[in-house]
Amino acid sequence: MSTIQESPTAAGSGASASENFKAVAAGLTVVDTPPERVAAIVTAVLKGVHGAIEEYDVTYPEFQAAKAWLMAVGDGGEWPLFMDVFVEHAVEAQVASTQHGTKGSILGPYYLPDQVKLGSTCQLPRRDDERGTPLVLEGQVRDIDGTPLGGAEIDLWQADADGYYSGFAPHVPDGNLRGVVVTDHEGRFEINTIQPAPYQIPHDGPTGQLIEAAGWHPWRPAHLHIQVRAEGHRPVTTQLYFAGGEWLDSDVAEATKPELVIDPQDDGTGVHRSSYDFELEPQS
Ligand code: DHB
Ligand code: FE
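Worth saying up front: this structure is predicted, and the values here are computed from it rather than measured.

Caption draft 1: Representation of the pairing of strand 3 (residues 134-143) in the model. Across the ten residues of strand 3, eight count as buried, placing the element largely inside the fold. Sheet topology places strand 3 next to strand 6 (residues 188-194); seven bridges connect them, and they run antiparallel. Within the sheet, the bridge partner assigned to V136 lies in strand 6 and is N192. Relative to strand 13 (residues 272-275), strand 3 runs parallel, the two being bridged by four bridges. In the sheet register, L135 faces strand 13, and the bridge partner there is H272.

Put into structure tokens, the structure is as follows:
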């Protein structure tokens, strides 16, 4: 029997990311930005746009093409993808400038809350025939003063060995390679998973068209998404990357940091192992 492997189209992944984000946005606290600040920020954004038009002598056909493209991004549900690839890293950098302990990185469009809770030594949910190099990530969660944080949550989500995320690629079962790992009384954890593949932004929609038109590439290096939470501490949202991995130096989302690169080693049985400790600062 053959199985049909549907690869997620930009419209599929984009629409799922849009639906997911709408649900997230509905639960957000209303941003109460004063009018002077709204005016200042929007003026600065428009100034950038106007400046580019002047600098490059943008034509009417180019202006109309830009309008059509913006509409297509919305129609295809690709705004969450676009914003998280091209803009989020700048917002994250602002937040990071006041955060101590483990370095953060972008959340991206594929976080899903309320995944299965797992013990401190565990295997992420996976298909019986999940492919990919076995990977073990072990370590400790601590306060920045060194105190181990037992009962901390390591919320982990990742792409599979083909670069697809559960919940957004129709052929991957819900909850696959996602879980919330709870640290033991010493703050320790040991997570069994598989090595994710590099991720390619879905390229059959308007975001892909832009990338092609600009001669860029659509790749992010392989990464694990991790959010670490502990009571009384400021949570950190981050990603771990792999030493020597493709696209590490040219991430389309510009979200890599040298402190977030791990270098798993084969333990002699074909399992790649790496240690990484997370440090959280107290909630102010
Ligand atoms: C996107 C996807 C990711 O997996 C990620 O980490 C960041 C951004 C995206 O397609 O927008
Ligand atoms: Fe990702």
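Next comes the rest of the write-up.
Caption draft 2: Looking closely at the layout of surface pockets. Reported here for the largest pocket is a volume of approximately 510 Å³. Mapped by element, the contributors of at least two residues to the lining of the largest pocket are helix 1 (10-26), helix 4 (79-86) and helix 5 (88-96). The residue makeup of the lining of the largest pocket, split by class, is 13 nonpolar, two polar and two charged. Roughly 300 Å³ of volume is contained in the second largest pocket. Every residue lining the second largest pocket is listed: V45, G48, V49, A65, A66, W69, L70, Q209, L210 and A213. Mapped by element, the contributors of at least two residues to the lining of the second largest pocket are helix 2 (35-55), helix 3 (60-75) and helix 6 (206-214).

The rules we used
- Here, residues in each chain are numbered from 1, in the same order as that chain's written sequence.
- For this description, chains carry letters from A and ligands carry numbers from 1, given in the order in which they are written.
- This being a predicted model, a pLDDT of at least 70 is required before a residue's local features are given, and a value of 80 or more before pairs of side-chain atoms are given or counted; all residues contribute to the totals for chains, interfaces and linings.
- Heavy atoms throughout the structure, all of them, feed into the side-chain values; hydrogens and water do not.
- Here's how the labels work: a residue is buried when its accessible area is under 20% of the maximum for its type, exposed when over 50%, partly exposed in between, all with a 1.4 Å probe on protein chains only.
- Starting at the N terminus, helices and strands are each numbered in turn, a helix being any DSSP run of H or I of at least four residues and a strand any DSSP run of E of at least two.
- When DSSP finds two or more bridges between two strands, those strands count as paired.
- In this analysis, the protein atoms alone were mapped onto a 1 Å grid. Cavities are point sets where a 1.4 Å probe fits without being able to get out; pockets are open sets with protein on both sides within 12 Å along at least five of seven lines; lining residues have an atom within 4 Å of a point.
- Grid points are joined across faces, edges and corners, and a volume is the space filled by probe spheres set on the points.
- Each residue gets one of three labels, nonpolar for Ala, Val, Leu, Ile, Met, Phe, Trp, Tyr, Cys and Pro, charged for Asp, Glu, Lys and Arg, and polar for the others, Gly among them.

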